[in-house]
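Structural description and commentary
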Amino acid sequence: MKFPTSIAVVLAGLAGCSQAATPDEWAQRSIYQVITDRFARSTDQNAPCNITKYCGGNWAGLVDQLDYIQDMGFTAVQISPINENLPQDTIYGEAYHGYWPQNFYELNPHFGSPDDLKNLASELHKRGMYLLVDVVANEMAYDIGNANMSSTIPIDYSVFVPFNSSKDFTPYCPIIDWNNQTEFQNCWLGYEGVATPRLKTTDPNIANTLNQWIKDLVGTYNIDGIRVDGAKQIEYSFFQPFLKSAGVYAMAEVDDGDAQFTCNYQNLTEGLENYPLYYTIKEAFTAGKMADLVSMVGSMRQACPKTQYLATFIENQDNPRFASFTEDLALAKNALAFTILADGIPKVYYGQEQHLTGNYSPYNRQALWPTNYNKSAPLYTLTASLNKLRNHAISVDSNYVTNLSQILYTDGSTYATRKGPNGVQIVAVLSNQGSNGGAYQLSVPGAADPGTNLTEVTECKTTVVAGENGTIVVPMDKGQPRVFFPTFNLNGSGLCGQPLSKSSNPSATGTAASATATSSKSMAERLQTPIWLTLGALAMSAVFVL
């Protein structure tokens, strides 16, 4: 990353940026995750994509397709890591995904220029949307060819920036026992084909350099939040000061199925990817294990003090796409509905709305442009409807976010919940019967005050009236999800013939959520520019401005 040297940019940086979005503001968001290289090109849309190589997706192409994302109701975009990666074609292919950094101070030129990244942030902010950037903070990457890493394999540490000495890294050891904290927080994750030397973040000088780096990165590119890759492998003593230096909302990846272990990380950062729930959502809607999902929802609620800050997802870059477990579109709809309407921040992986398959990397990281960004795809339209509904509920009553969902009814194939204060409650009746499920009527108690009309919003064909004990009778058929909302409050939602109110599309309260600007001295040091020259340039600029 080349920090700006022009007088105008230095002045802009020193002028400071707007206040960072709070976790509560992020809790109202819905996130669309992309791998930059695979989401959109700015040119050559018809050129083939070799799935193990760079395919030409970039930040400019992403800007061109923001309508596609925003029309689904998303209010934030997560992009893959932005820093310069190793240049070799490894046994796995090239570093198109961004998770093999070699230079923290340079952007990945495959994705565009610094101005392109700034423009992406600016265009998102104009739409009232947030930018979340994926960050690798504790390791570098090195191509070792068709070999397994060992203490005898040479690493040329001089290729790394700014940590270019072996003393900046922990000695090699592989992570074998993921229950051994000392091992998974000190040893190397990658050891076959691509080694991932582990930064010695217990060293104060290294920690301070990383802290300044993330502060500068956020401030320079107007980043609203960061996702911290591999947070489980980061020492606790380094993690919290690093996040404090970033000065923005942080979402940590703690890939673990244990609710208590995962939720302990909320002592370090409120934002987490909800991995324990991910594993049970997948099983509930592909293997019929609905009771396990009900149990895990309760476990996460007990273990995590603030579930509204957790990201709910069923696909990402590291795990099989849902369609690789089952092609049944009805099951995909129900799993998607759970993702968007459960407690927490919905996060949808690019291509999920097109029902893309792919059971492991790199096949779950395919290019999106062959779909022609089809806005008529069933999961695209469902995503748009459910995001619109959630956004509308929040706009009517922001307590929707903190109002925990209530399970109204459950059995081996059904999960029915109510979320939101009375009058803006979303009642979701989800099924794992699949498209072969038969037609029947299901009584769901506690949906609304008796006499309240509720409209089913995914098809807009059904209105039910809550009877005694708030019970509604839901017509189920072919395993389709049913989602209800009080009819009297649908105005402004953009659903079922109602107009869309601007208030139903949350806007950023502070378009750039960056940390305070870098000081003149620290900026000059990073640029290797004498402080007298930086101050002289500022003084000269002041003359021109006046």
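Residues numbered from 1 in each chain as written. Predicted model: local features only at pLDDT ≥ 70, side-chain atom pairs only at ≥ 80, totals over all residues. Heavy atoms only, no water.

An unreviewed UniProt entry lists the protein chain under the name alpha-amylase, with Rasamsonia emersonii as the source organism. Recorded in UniProt for the protein chain, the comment headed Sequence similarities (unreviewed entry) runs: "Belongs to the glycosyl hydrolase 13 family." (UniProt positions renumbered as here; feature names shortened; annotations may be inferred.)

Description of the overall build of the protein chain
Counting secondary structure elements, the protein chain contains 16 helices and 20 strands. Expressed as a percentage of contacts within the protein chain between residues at least 6 apart in sequence, the contacts between residues at least 24 apart total 70%. Carbon and sulfur atoms provide 50% of the accessible area of the protein chain, an area that totals close to 20,700 Å². (Helix = DSSP H or I, 4+ residues; strand = E, 2+ residues; numbered from the N terminus. Contact = heavy atoms within 4.5 Å. Areas by Shrake-Rupley, 256 points an atom, 1.4 Å probe, with all protein chains shown as cover.)

Regarding the side chain of Arg365
Within the secondary structure, Arg365 is located in the loop between β12 (345–349) and α14 (378–396). Polar contacts involving the side chain of Arg365 include one to the side chain of Ser361, which spans 3.2 Å. If we ignore the near neighbours within four places in the chain, the residues touching Arg365 are Ile35, Arg38, Ile51, Tyr96, His97, Gln317, Asp318, Tyr349 and Tyr350. (Polar contact = N/O pair within 3.5 Å; in protein donor to acceptor, adjacent residues only side chain to side chain.)

Quick notes on the environment of Pro23
Residue position: Pro23 is located in helix α2 (residues 23–27). In the structure, Pro23 is positioned 202 residues away from Gly225 in sequence and 9.5 Å away in space, judged by C-alpha atoms. Look past the residues within four positions of Pro23 in its chain and what remains in contact with it is Tyr249, Glu270 and Tyr309.

With respect to the packing of aromatic side chains
In this description, an aromatic ring pair is defined by two values, namely the gap between the centres and the angle between the planes. In this structure the tally under the stated criterion is 32 aromatic pairs. Ring centres of Phe104 and Phe163 lie 6.2 Å apart, and the angle between their planes is 80°; on these two criteria the pair is classed as edge-to-face. Here Phe163 lies in the loop between β6 (142–148) and α7 (181–184) and Phe104 lies in strand β4 (residues 101–107), a separation of 59 residues in the sequence. Among the aromatic residues, those joined into a ring-pair cluster are Tyr32, Phe39, Tyr68, Phe74, Tyr373 and Tyr380. The ring of Phe184 has Lys232 sitting right over it, with the charged end atom 5.2 Å from the ring centre. Above the ring of Tyr350, the side-chain terminus of Arg321 is found at 5.0 Å from the ring centroid. (Phe/Tyr/Trp six-rings, centres within 6.5 Å; stacked < 30°, edge-to-face > 60°. Lys NZ or Arg CZ within 6 Å of the ring centre and 35° of its normal.)

As for the nonpolar core
If you look at the biggest cluster of nonpolar residues, it comprises 130 residues, and the most contacted ones within it are Phe39, Ile79 and Ile226. If you count residues domain by domain, this core takes at least three from each of domain 1 (23–138 + 202–397) and domain 2 (405–489). Excluding residues within four positions of it along the chain, Ile79 makes contact with Val34, Thr36, Trp59, Leu62, Leu117, Leu120, Leu131, Leu132, Val133 and Asp134. Within the second largest apolar cluster, 15 residues are counted, among which are Val444, Ile472, Met476 and Phe484. (Core = buried A, V, L, I, M, F, W, Y, C linked by side-chain atoms within 4.5 Å. Buried < 20%, exposed > 50% of the residue type's maximum accessible area, 1.4 Å probe, protein only. Domains from an automatic or database assignment.)

Re the pairing of strand β17 (residues 453–456)
Note that β17 and strand β18 (residues 463–465) share 3 bridges and pair antiparallel. Among the inter-strand pairings, Thr455 is bridged to a residue of β18, identified as Thr463. A loop of 6 residues connects β17 with β18, the two strands running antiparallel in sequence, and Cys460 in this loop sits at a positive phi of about 55°. In terms of strand pairing, β17 meets strand β20 (residues 482–486) through 3 bridges, oriented antiparallel. Counterpart to Leu454 in the pairing with β20 is Pro486. (Pairing = 2+ DSSP bridges.)

Re the side chain of Arg321
Position of Arg321 relative to the elements: it lies in the loop between β11 (310–312) and α13 (329–341). Separated by 2.9 Å, the side chains of Arg321 and Glu315 make a polar contact. The residues touching Arg321, leaving out its near neighbours within four places in the chain, are Glu315, Tyr349, Tyr350, Gly351, Gln352, Leu356, Thr357, Gly358, Asn364 and Gln366.

Observations concerning the sheet that holds strand β1 (residues 31–33)
Taken in spatial order, the 8 strands line up as β1-β2-β5-β8-β9-β10-β11-β12 and close into a barrel, and their pairing is parallel. Mean inter-strand twist for the sheet, computed between neighbouring axes without regard to direction, equals 30°. Contacts between helix α9 (residues 236–246) and the sheet are confined to β5 (130–135), β8 (225–228) and β9 (249–252), with β8 contributing the most and set at about 155° to the helix. (Axes fitted to C-alpha atoms, helices over the stretch in contact; angles between N-to-C directions.)

Structural notes on the sheet that holds β18
As summarised here, the arrangement of the 6 strands in space is β13-β14-β15-β20-β17-β18, forming an open sheet in which the pairing is antiparallel. Because the sheet does not close on itself, it has two edges, and the strands there are β13 (406–411) and β18. Geometrically, the sheet is characterised by an average inter-axis angle of 20° between neighbouring strands, direction not taken into account.

Description of the state of the cysteines
Overall, the coordinates contain 4 disulfides when judged by the stated rule. Here Cys49 engages in a disulfide with Cys55; their sulfurs sit 1.9 Å apart. The S-S bond linking Cys49 to Cys55 shows a torsion near 80°; that makes this disulfide right-handed. In this structure Cys49 comes out as partly exposed when scored by relative accessible area, which is 28%. Residue Cys55 is classed as buried on the basis of its relative accessible area, which comes to 6%. Here Cys263 engages in a disulfide with Cys304; their sulfurs sit 2.0 Å apart. Because the sign of the S-S torsion sets the handedness, a value of about -100° for the bond joining Cys263 and Cys304 places this disulfide among the left-handed ones. Taken as a pair, Cys263 in helix α10 (residues 259–263) and Cys304 in the loop between α12 (290–303) and β11 lie far apart in primary sequence, 41 residues in all. When sorted by exposure, Cys263 lands in the same class as Cys304, which is buried. (Disulfide = S-S within 2.5 Å.)

Brief notes about the UniProt feature "site: Transition state stabilizer" (unreviewed entry) in the protein chain
In the UniProt entry, the feature "site: Transition state stabilizer" (unreviewed entry) is given for Asp318. When you line up the elements, Asp318 lands in the loop between β11 and α13.

Comments concerning the pattern of salt bridges
Should their charged atoms come close, side chains of opposite charge can pair. The tally for this structure, following the rule as stated, stands at 20 salt bridges. We note a salt bridge from Arg227 to Glu253, for which the minimum N-O separation is 3.4 Å. Highlighted residues: Arg227 in strand β8 and Glu253 in the loop between β9 and α10, separated in sequence by 26 residues. For Arg227, a relative accessible area of 0% translates into the label buried. According to the relative accessible area criterion, Glu253 is buried, its value standing at 7%. Between Glu283 and Lys289 there is a salt bridge, with its nearest N and O atoms 3.5 Å apart. By relative accessible area, which is 39% here, Lys289 ends up partly exposed. Each of Asp134, Arg227, Asp229, Glu253, Glu273 and Lys347 takes part in salt bridges that share partners, so that together they form one network. (Salt bridge = Lys/Arg side-chain N within 4 Å of Asp/Glu carboxyl O.)

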